[in-house]
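# Reading the structure
The residues making up each chain are set out below.
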Amino acid sequence: MSGLFISLEGGEGVGKSTQTARLAAALEARGLHVVVTREPGGSEGAEAIRGLLMQGEVTRWSPHAEALLFAAARADHVEKRIRPALEAGQWVLCDRYIDSTRAYQGGQGIDDAAILALHAFGSKGLLPDRTLLLSLPEGAGEERALVRDRGVADRFGARGPEFHAQVAATFERIADGEAARVRRVDAAGTPEAVTARLMDALADLLP
Ligand SMILES: Nc1ncnc2c1ncn2[C@@H]1O[C@H](COP(=O)(O)OP(=O)(O)OP(=O)(O)O)[C@@H](O)[C@H]1O
Ligand SMILES: Cc1cn([C@H]2C[C@H](O)[C@@H](COP(=O)(O)O)O2)c(=O)[nH]c1=O
């Protein structure tokens with residue numbers, strides 16, 4: 001593969017979607033070919049699974065069923081969209097990826113080793129070349145998301161503050177344990193300032 005695979009991670013509302021689009025524009029301005037995608041979703045099959053995962057009651061799926069659905073969606077996304085783009089030499093910017101499963105499904109009691117085993121089976125263990133972990137002070141991202149969604153949360157946003165604090169703590173643990181891949185980026189301040197920090201966190205990978 002000759003392209004580079006970058007994931008953006010973090011809790012609810014920290015600005016991943018905003019920054020995925022802004023980062024793509026900044027990289028394209030440097031002459032790179034960029035594919036922007038997201039999880040769950042990003043391919044026809046994975047978008048269909050997204051509908052199942054995002055809608056309905058919080059208890060619609062057990063944590064185990066949820067982990068399997070995310071792994072299945074990712075397998076389709078990797079095979080149909082991510083690998084072909086990387087093989088064509090494109091940069092892939094993905095709004096959430098495997099670390100979200102480790103943080104969100106891990107936060108519901110699914111063992112990290114089991115999540116990674118599912119990923120090894122479904123997606124041949126493909127990991128990003130760089131993961132940009134966006135973070136804000138506790139509660140600030142959820143507040144932004146609430147305003148954006150006019151108070152109507154999806155199955156994940158609807159969970160309580162303890163759940164989201166645990167998600168944030170798991171992201172931090174992943175960043176501590178995988179410092180070569182994961183870079184922490186402060187998501188506070190203007191969108192322009194955050195994009196500049198993200199570009200700094202990619203500086204060593206840029207042609
Ligand atoms: N730097 C910023 N300053 C203020 N508001 C911002 C900033 N970046 C994004 N926002 C706003 O915050 C809200 C959440 O941003 P965005 O949708 O990009 O977050 P996200 O991390 O993708 O959320 P989710 O996890 O729910 O998908 C949006 O209304 C967006 O316009
Ligand atoms: C990839 C992935 C996502 N989630 C959760 C995290 C979010 O609450 C939603 C996706 O919503 P977004 O607005 O598109 O960010 O899904 C998860 O629990 N596990 C995962 O692997």
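Residues numbered from 1 in each chain as written. Chains lettered and ligands numbered in written order. Predicted model: local features only at pLDDT ≥ 70, side-chain atom pairs only at ≥ 80, totals over all residues. Heavy atoms only, no water.

If you look the chain up in an unreviewed UniProt entry, it shows as Thymidylate kinase from Sphingomonas molluscorum. In UniProt, the chain has this text filed under Sequence similarities (unreviewed entry): "Belongs to the thymidylate kinase family." Under the UniProt heading Catalytic activity (unreviewed entry), the note attached to the chain is "dTMP + ATP = dTDP + ADP". (UniProt positions renumbered as here; feature names shortened; annotations may be inferred.)

## A word on the pattern of salt bridges
Applying the stated criterion across every chain, the model contains 15 salt bridges. In this structure, E12 engages R96 in a salt bridge whose closest nitrogen and oxygen atoms are separated by 3.6 Å. Within this pair, whereas E12 is found in the loop between β1 (5-9) and α1 (16-28), its partner R96 is found in the loop between β3 (91-95) and α4 (98-104), the two being separated by 84 residues in sequence. A relative accessible area of 13% places R96 in the buried class. Taken together, the shared-partner salt bridges connect D99, R102, D112, E178 and R181 into one network. (Salt bridge = Lys/Arg side-chain N within 4 Å of Asp/Glu carboxyl O. Helix = DSSP H or I, 4+ residues; strand = E, 2+ residues; numbered from the N terminus. Buried < 20%, exposed > 50% of the residue type's maximum accessible area, 1.4 Å probe, protein only.)

## Focus on the site of ligand 1
Taken together, 14 residues are adjacent to ligand 1, and K16, S17, T18, R148 and G189 come closest. P191 is positioned such that a nitrogen or oxygen atom in its backbone is 3.5 Å from a nitrogen atom of ligand 1. In the complex, 73% of the free accessible area of ligand 1, which totals 630 Å², lies under the protein chains. When atom positions are compared with the pocket grids, ligand 1 is found to occupy the largest pocket. For the shell around ligand 1, the secondary-structure elements that each account for two or more residues are α1 and α6 (140-148). A per-element tally of the shell around ligand 1 places α1 first, with three residues. (Near = heavy atom within 4 Å. Polar contact = N/O pair within 3.5 Å; in protein donor to acceptor, adjacent residues only side chain to side chain. Areas by Shrake-Rupley, 256 points an atom, 1.4 Å probe, with all protein chains shown as cover. 1 Å grid on protein atoms, 1.4 Å probe; cavity = no way out; pocket = protein on both sides within 12 Å on 5 of 7 lines; lining within 4 Å. Sits in = over half its atoms within 2 Å of the grid points.)

## Comments concerning empty space enclosed by the protein
Counted according to the given criterion, the structure contains one cavity of 30 Å³ or more. Around the largest cavity, the lining residues are A67, F70, A71, R74, I98, T101, I115, L118, H119, G122 and S123. Secondary structure elements with two or more residues in the lining of the largest cavity: α3 (63-87), α4 and α5 (112-123). (Points joined across faces, edges and corners; volume = space filled by probe spheres on them.)

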